[in-house]
Amino acid sequence: MRSTERKQIKQTKEALVAARLMRRRRKLTLRIAAILFACLLLCAMILIDVFLFPVEYLWAAVLTPEIEDRKDGQMRVFYLDVGQGDCTLVQLPDGQTLMIDCGNGESEAIRNILGICVALGVQKIDHLFITHADADHIGGMEAVLRCFGADTVYLPAEDPMQERIAQYRELARKYCKNVCDTSMLTSMISEEEENFWYAMVLGGFPDTEKEGNDTSAILYLEYADRKLLFPGDVSYRVERELVSIYEQTGGIVFEVPMQTSYGTVLLSPNISSLDFLKLGHHGSADATCMEFAEYLHPQNVFVSCGAGNSYNHPSQEVIENLLQADASVQFYRTDELGNILLTIERDGRYSVLSV
């Protein structure tokens, strides 16, 4: 082989080696750049999360649904689809917001809760009410408080999960003005006479014979002569006790005079012939006994449960109890309809739709 050919072959080999080295350097440079970009992005997200607003807020805002603005004199109740959990957001007629429980803390549930709040233009939660410390009711509380804060957080005064409640009490103090321990007759009331509403705790009071779900607070809400009940996860034992108290006293035991800027108002909750019932314990068979269903006689029942849940919620037995109490009762389920909106007008007219 001639020296010229050998020289050309050598030069070709050297060129190939150089090309391979160049490609490797380019790949290495791109990898380093990608890592640096990811690190910068992560640092930016951390800085935004710490100094501006939580990243969860941005994440939820990306897929914010479109919802019409609330009209004057309307109370709107959003029974939110949070899977196997509970969260209800109420736009009160005087412009305040009430959130009852915060879902199970799973990412999809948190995104939905925050997304609805963003869609409604919520700047702050006025009243955050926790029925009890089960994870499927309190799991999303930190995300809600980080994003919106609250004027007042209502937590169970007595709960078997005292260590967990203590942790959430500290969390509440970090993000809100007031932390209130709920007990029987704890009340919230409208700041406006024209758009008068009130809420009251009817159960969940401390009792040595109660434990677990039976320590759940039962919240009663009334507006425009429409009555709503949120019984948390209480079982038939507490339900029967509540019905017994009403039957024996005519409900007088729950009457409370309240001093307001527009005079003294007598709060007198009445759970008989209920308009709207949030089904207790997601429709579990250990709740909504026949006596409770017959006394409440609800016209509309809302069920918060996960699609295809392993608990078989809502129980067929519970559905039959309610149908026996009133064959015309209407059922609305988050596992079938997603988010459900109940709108109550100032004159008492109402509508229900999926949003």
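Residues numbered from 1 in each chain as written. Predicted model: local features only at pLDDT ≥ 70, side-chain atom pairs only at ≥ 80, totals over all residues. Heavy atoms only, no water.

Asks: How would you summarise the nonpolar core if you had to cite specific residues and measurements?
Replies: In this structure, Leu89, Met99, Ile125, Leu128, Met141 and Val153 are the most contacted members of the largest nonpolar core, which totals 36 residues. Every element with two or more residues in this core is listed here: helix H3 (107-119), strand S4 (125-129), helix H5 (141-148), strand S5 (150-156) and helix H6 (162-175). Sort the elements by how many residues they give to this core and H3 lands first, with eight residues. What Met99 contacts, discounting residues up to four positions off in sequence, is Cys87, Thr88, Leu89, Ile113, Cys117, Ile125, His127, Leu128, Phe129 and Val144. Val238, Leu277, Val301 and Cys305 belong to the second largest nonpolar core, which has 32 residues in total. (Core = buried A, V, L, I, M, F, W, Y, C linked by side-chain atoms within 4.5 Å. Buried < 20%, exposed > 50% of the residue type's maximum accessible area, 1.4 Å probe, protein only. Helix = DSSP H or I, 4+ residues; strand = E, 2+ residues; numbered from the N terminus. Contact = heavy atoms within 4.5 Å.)

Asks: A description of helix H7 (residues 236-249) should follow, citing residues and the corresponding values.
Replies: For H7, spanning 14 residues, the distance from its first C-alpha to its last is 20 Å, which sits close to the expected 20 Å at 1.5 Å a residue. All buried positions along H7 are accounted for by Val238, Glu239, Leu242, Val243 and Tyr246. Buried residues of H7, seen end-on, are gathered within an arc of 135° and therefore sit on one face of the element. Across from the buried face of H7, at angles greater than 90 degrees, the exposed residues are Glu247 and Gln248. Positive backbone phi, at 65°, marks Gly250, one or two positions downstream of H7. (Expected span 1.5 Å × (residues − 1). Arc of directions from axis to C-beta.)

Asks: Any details on the sheet that holds strand S17 (residues 350-354)? Residues and values, ideally.
Replies: Spatially, the eight strands line up as an open sheet ordered S6-S5-S4-S3-S2-S1-S16-S17, and their pairing is mixed. With partners counted over all chains shown, the strands left at the sheet margins are strand S6 (176-182) and S17, one partner each. Going from strand to strand, the sheet's axes swing by 15° on average, the running direction of each strand aside. Here H5 sits on the sheet in contact with strand S3 (97-100), S4 and S5, set at roughly 165° to S5. (Pairing = 2+ DSSP bridges. Axes fitted to C-alpha atoms, helices over the stretch in contact; angles between N-to-C directions.)

Asks: Can you tell me about the sheet that holds strand S10 (residues 226-230), naming the residues and giving the values?
Replies: Each strand in a sheet pairs with its neighbour through backbone hydrogen bonds, running either in the same direction (parallel) or in the opposite one (antiparallel). Strand order in the open sheet formed by seven strands is S7-S8-S9-S10-S13-S14-S15, and the pairing between neighbours is mixed. In this open sheet, the two edge strands, each paired with only one partner strand, are strand S7 (187-189) and strand S15 (330-333). Shown here is a sheet whose adjacent strand axes are inclined to one another by a mean of 15°, direction ignored. Relative to strand S8 (residues 197-201), S7 is paired through three bridges, and the arrangement is antiparallel. The partner of Ile189 across the bridge, within S8, is Tyr198.

Asks: Report on the side chain of Asp101, specifying residues and quantitative values.
Replies: Relative to the assigned elements, Asp101 resides in the loop between S3 and H3. This buried residue, Asp101, is left without a salt bridge; Lys278 holds the nearest opposite charge, at 7.0 Å. There is a polar contact of 2.9 Å between the side chain of Asp101 and the backbone nitrogen of Thr131. Not counting residues within four places of it along the chain, the set of residues in contact with Asp101 comprises Asp86, Cys87, Thr88, Phe129, Ile130, Thr131, His132 and His137. (Lys, Arg positive; Asp, Glu negative; His and termini not counted. Salt bridge = Lys/Arg side-chain N within 4 Å of Asp/Glu carboxyl O. Polar contact = N/O pair within 3.5 Å; in protein donor to acceptor, adjacent residues only side chain to side chain.)

Asks: Give a description of the packing of H3 against H5 that names residues and reports values.
Replies: Taken N-terminus to C-terminus, the directions of H3 and H5 make an angle of 30°; their axes are 10 Å apart at the nearest point. Taken together, the axis directions place H3 and H5 in an arrangement best described as roughly parallel. Where H3 crosses over H5, the handedness of that crossing is right-handed. Contact residues: Ile110, Ile113, Leu114, Cys117 and Val118 in H3; Ala143, Val144, Cys147 and Phe148 in H5. Taken together, the residues of the contact of H3 with H5 break down into nine nonpolar, no polar and no charged. (Parallel < 35°, antiparallel > 145°, perpendicular 65-115°, else oblique. Left-handed = near helix turned anticlockwise from the far one by under 90°. Nonpolar A, V, L, I, M, F, W, Y, C, P; charged D, E, K, R; others polar.)

Asks: Help me get a handle on the side chain of Asn112, residues and values and all.
Replies: For Asn112, the position within the fold is in helix H3. Classification of Asn112 as buried rests on a relative accessible area of 10%. Only 2.9 Å separates the side chain of Asn112 from the backbone oxygen of Asp81, close enough to count as a polar contact. Separated by 2.8 Å, the side chains of Asn112 and Asn339 make a polar contact.

Asks: How would you summarise the pairing of strand S11 (residues 256-260) if you had to cite specific residues and measurements?
Replies: The two faces of the sheet receive side chains in turn, since in a regular strand these alternate between them. Here S11 runs beside strand S12 (residues 263-267); their pairing, made up of five bridges, is antiparallel. Within the sheet, the bridge partner assigned to Met258 lies in S12 and is Val265. Hairpin connection between S11 and S12: a loop of two residues separates the two successive antiparallel strands.

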